[in-house]
Structure formats: structure tokens, C-alpha cells
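Structural characterization, general
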Amino acid sequence: MDVTQFNVDELFQKSIVWDAHCGMDPQVPIDVNSLERIRKAGFTFVSTNVGYDVLPWHDTFPVIAGYRKFLSDNRDKYILVSSVADVLAAKREGKLAVSMDIEGVSALDGKIELVETYHRLGVRQISFVYNKDNAGGSGCHGSDSGITQFGREVVREMNRVGMLVDGTHCSPQMSIDMAETSSKPIVISHSNSRVLHDHPRNIWNEQAIACAHTGGVIGVTGIRLFLAKPGDAASNLDLLVRNIDHYCELVGPQHVGIGTDFSEITNALATRFENATDYWPLEHYQGAASLEFVDIEVFPQLTAALSAKGYSNNVISGILGGNFMRVAAANWE
């Protein structure tokens, strides 16, 4: 999309704005409030979490059913995504395109054939590990043993059916192994730079480079805990721009995007966070309040902030969503 003719105030409105992952708690009933805030903030597309390793694998199906029913009942505002054409249609019609993702291959229950089942139900992205090691490989709070044979088989099956392979929440070796295994571009949908802030949930330069070498995209994320140490006086917007700058210099702006991880903290999410310290170790997380999601309404401000840093309109539009849409097309189509 050529956006050189738009001024900076129009750029966000005219661009495809892609949220590669929001962090809404996979529950029934679904979190309609957060979804509506994302829509009203002007996003074109969002991938929402319908299951993760913290919950029993079979809980994923009622959540998927809940989203499919809600989106079907609210077609005046939302479109359930099956292809990039649906995203473009949502942009034309002023709707929010919604896709689904899963965090952790535990949702497969050891069965490769469930990859295609999830795909048929609308899942278009799977991140292999949620912090802890699982049957697919090693997590950012686990070992660094890398991908397993089962994990390699899952990558190949995802390549076959048309799903985005996501290296978020993985250990360094794991995400590098995933990039080497995949025949298509991968993503690291919501991970900030560990060089800028040394938190284990962030990624080292080598992981970002491995992703970019596949043609993939890294999404800057908006949880304050992953942006800066407690007490850092920098604004959320400045910290987001700092990570975008870092990745643009490291791998090129065509490999940079946004994965907000945004959610409103529900009572269910707060309780789960407090009780599952094996997934969120206390030495790295200080209770649910430490999450501090950056408000989704902050992200439209990136347009002017990046323009002030000297980024061109076309580069900014790519970061806002064009880059992720390119990689989605390479996988989904």
C-alpha cells in the first residue's frame, strides 16, 4: 500500500493496522470489552488467544466456539478471518478482522492431526511454548534444549495447512530451531528486546535475526514489565519506540511490527496468574499487578512518534501492519 500521499494524522486511519497477538484471557464468556477497545482504537486486525498451556488442552474448544458465535452474531462490527482477503474486506468496511491463536502445542494433546482441525476452526497462528518446556520444545522459563522431534513435525504440518509459526515465549535455542525448521516465514509475535531490557520473556538479537532471515516479523509488545525495569521514568510510548528503533536497526524495518499483548486484567486472569507461579516465576513477576498492560489507545500515537524520528510514511505503514500482513499472506495463502 502506497501511503506517501497521506499526512501523519491520516496515516494510522489509512493503514492496515495489525495486532499480531492480544493477551485476552481464554475464557467463556469471551472478553468482549477488550475486543471492543481494540476495534475502537482503530485496529484493522487482531489475533486473539483462545488457549494456552496454563489451561487444560481441551478448554480451547469452548473458547473457539465462543468467539465464532460472538463474531457471527456481530457481523456489523467484526469479521472472522480465514484469509488476507478478509482483512482487506474488514478495512474497506470499517470492521475489525479477528483471527485466533494458541500459545503452546500442549493444545494438540500430542496429536499432529489437531493442527488441521484448529485451522479449520479459524486458528491461524500457534506459538509453540508458553514459558515452560512442553512436548514441542523449550520455554523462556525452562531449559534451552531447543525443539523436539514432535515440534519439528508440528512446524511442518503448520507449513502445510497454512498457519503462522510463532517463536514467542520460547527459549533462545527453541525459536532459532523453529526458524531453521520452517519452510515459510515465521513470526515472533509479541516480544521485546532483551538487549534493551534483560527479562527472560524478551528475546536476544540472535532470535530476532533468525526470524528475519526467514522473511518474518518481530512484534513489539506493550506489557510494561517487558519494556523497562520498575522505576524507569520513560513513557510507555517512548519505550515502544525504543524497541522499534532497535529492531529496525538490527534487522530492517520490513521485519518489524506490533503485537500488543493487550488485555484488561479480569479477576480470573489475576487469580490464575497468582496461582500458576511455575509459568510466571516470582523472581521475574511480582503478582498480577506487575503485568501493567499498556493501554491499547496508546498505540495509535506511534504514527506521529515514528514520523518525528524520521521514518517515512511507507515504512511506518509497514510497521503498523503491512509487514505482518505480508508474512500472513505467505503462510495462509
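Note that the structure is a prediction, hence the values are computed from the model and not measured.

To continue, consider the environment of S143. Considering the arrangement of structural elements, one finds S143 in the loop between β5 (123–127) and α6 (149–161). Since its relative accessible area comes to 31%, S143 is described here as partly exposed. Spatially, the C-alpha atom of S143 lies 8.1 Å from that of K132, the residues being 11 residues apart in sequence. Within the local environment of S143, its side chain forms a polar contact with the side chain of D133, the two groups lying 2.7 Å apart. In this structure the side chain of S143 is engaged in a polar contact, spanning 3.0 Å, whose partner is the side chain of S145.

Residues V217 and G219 line one face of strand β8 (residues 217–220) and the alternating positions I218 and V220 line the opposite face, and both faces are buried. Pairing geometry for strand β7 (residues 187–188) and β8, over 2 bridges, is parallel. Looking at β8, one finds that I188 is bridged to I218. You can see the chain leave β7, run along helix α8 (residues 205–213) and come back into β8, and the turn it takes is right-handed. Bridge count between β8 and strand β9 (residues 256–258): 3 bridges; the pairing is parallel. From the neighbouring strand, V220 faces β9, where its bridge partner is I258.

Here we take up the state of the cysteines. Applying the stated criterion across every chain, the model contains 0 disulfides. C22 forms no disulfide, and the closest cysteine sulfur to it belongs to C170, at a distance of 19 Å. With no disulfide of its own, C140 has C170 as its nearest cysteine by sulfur position, at a separation of 8.0 Å.

Among the nonpolar cores identified, the biggest contains 95 residues, and L35, F43, Y118, V123, F128, W280 and L302 are the most heavily contacted of them. Sequence-distant contacts of L35, that is, excluding residues within four places in its chain, are made with M24, V46, Y67, F70, Y78, L96 and V98.

With that out of the way, let us pick up helix α11 (residues 267–275). Side chains three or four residues apart in an α-helix point the same way, a direct result of the helix having 3.6 residues per turn. Listing the buried residues of α11 in full gives L269, R272 and F273. With its buried residues spanning 100 degrees around the axis, α11 presents them on a single face. Opposite the packed face of α11, turned more than 90 degrees from it, sit the exposed residues N267 and N275. Where α11 is buried, its residues contact β2 (45–52).

What follows concerns helix α10 (residues 236–251). End to end, α10 covers 23 Å across 16 residues, agreeing with the expected 22 Å (1.5 Å per residue, within 8%). Looking at α10, one finds that the buried residues are L237, L239, L240, V241, N243, I244, D245, H246, Y247, C248 and V251. Tucked into the core, α10 has its buried residues touching α8, β8, α9 (224–227), β9, α12 (302–308) and α13 (313–332). Looking one or two places after α10, you find G252, whose phi comes out positive at around 100 degrees.

For the pair helix α4 (residues 84–93) and α13, the least separation of the axes is 9 Å and the interaxial angle reads 140 degrees. Classified by the angle between their axes, α4 and α13 sit oblique to one another. Contacts between α4 and α13 involve V84, V87 and L88 on the former and, on the latter, M325, A328, A329 and W332.

Tallied over the entire structure, the rule returns 15 salt bridges. E116 is paired through a salt bridge with R120; the nearest N and O atoms lie 3.2 Å apart. One end of the pair, E116, and the other, R120, are both in helix α5 (residues 114–121), 4 residues apart, so they sit about a helical turn from each other. The partly exposed category is assigned to E116, whose relative accessible area is 28%. On the accessibility criterion, R120 (66% relative accessible area) is exposed. A salt bridge links D198 to R194, with the shortest nitrogen-to-oxygen separation between them at 2.6 Å. For R194, a relative accessible area of 17% gives the class buried. Through salt bridges with shared partners, one network takes in R37, E264, D295 and E297.

This part covers the packing of aromatic side chains. Going through the model one piece at a time under the given rule, you end up with 14 aromatic pairs. Aromatic side chains W57 and F61 sit 6.2 Å apart centroid to centroid with 80 degrees between the ring planes, which places their arrangement in the edge-to-face category. When its relative accessible area of 28% is taken as the criterion, W57 is described as partly exposed. Lying across the ring of Y279, K132 places its NZ or CZ 4.7 Å from the centre. Against the face of F226 rests R201, its NZ or CZ located 4.7 Å from the ring centre.

What counts as what
- Residues numbered from 1 in each chain as written.
- Predicted model: local features only at pLDDT ≥ 70, side-chain atom pairs only at ≥ 80, totals over all residues.
- Heavy atoms only, no water.
- Helix = DSSP H or I, 4+ residues; strand = E, 2+ residues; numbered from the N terminus.
- Buried < 20%, exposed > 50% of the residue type's maximum accessible area, 1.4 Å probe, protein only.
- Polar contact = N/O pair within 3.5 Å; in protein donor to acceptor, adjacent residues only side chain to side chain.
- Pairing = 2+ DSSP bridges.
- Right-handed = clockwise from strand over helix to strand, strands pointing away.
- Disulfide = S-S within 2.5 Å.
- Core = buried A, V, L, I, M, F, W, Y, C linked by side-chain atoms within 4.5 Å.
- Contact = heavy atoms within 4.5 Å.
- Arc of directions from axis to C-beta.
- Expected span 1.5 Å × (residues − 1).
- Axes fitted to C-alpha atoms, helices over the stretch in contact; angles between N-to-C directions.
- Parallel < 35°, antiparallel > 145°, perpendicular 65-115°, else oblique.
- Salt bridge = Lys/Arg side-chain N within 4 Å of Asp/Glu carboxyl O.
- Phe/Tyr/Trp six-rings, centres within 6.5 Å; stacked < 30°, edge-to-face > 60°.
- Lys NZ or Arg CZ within 6 Å of the ring centre and 35° of its normal.

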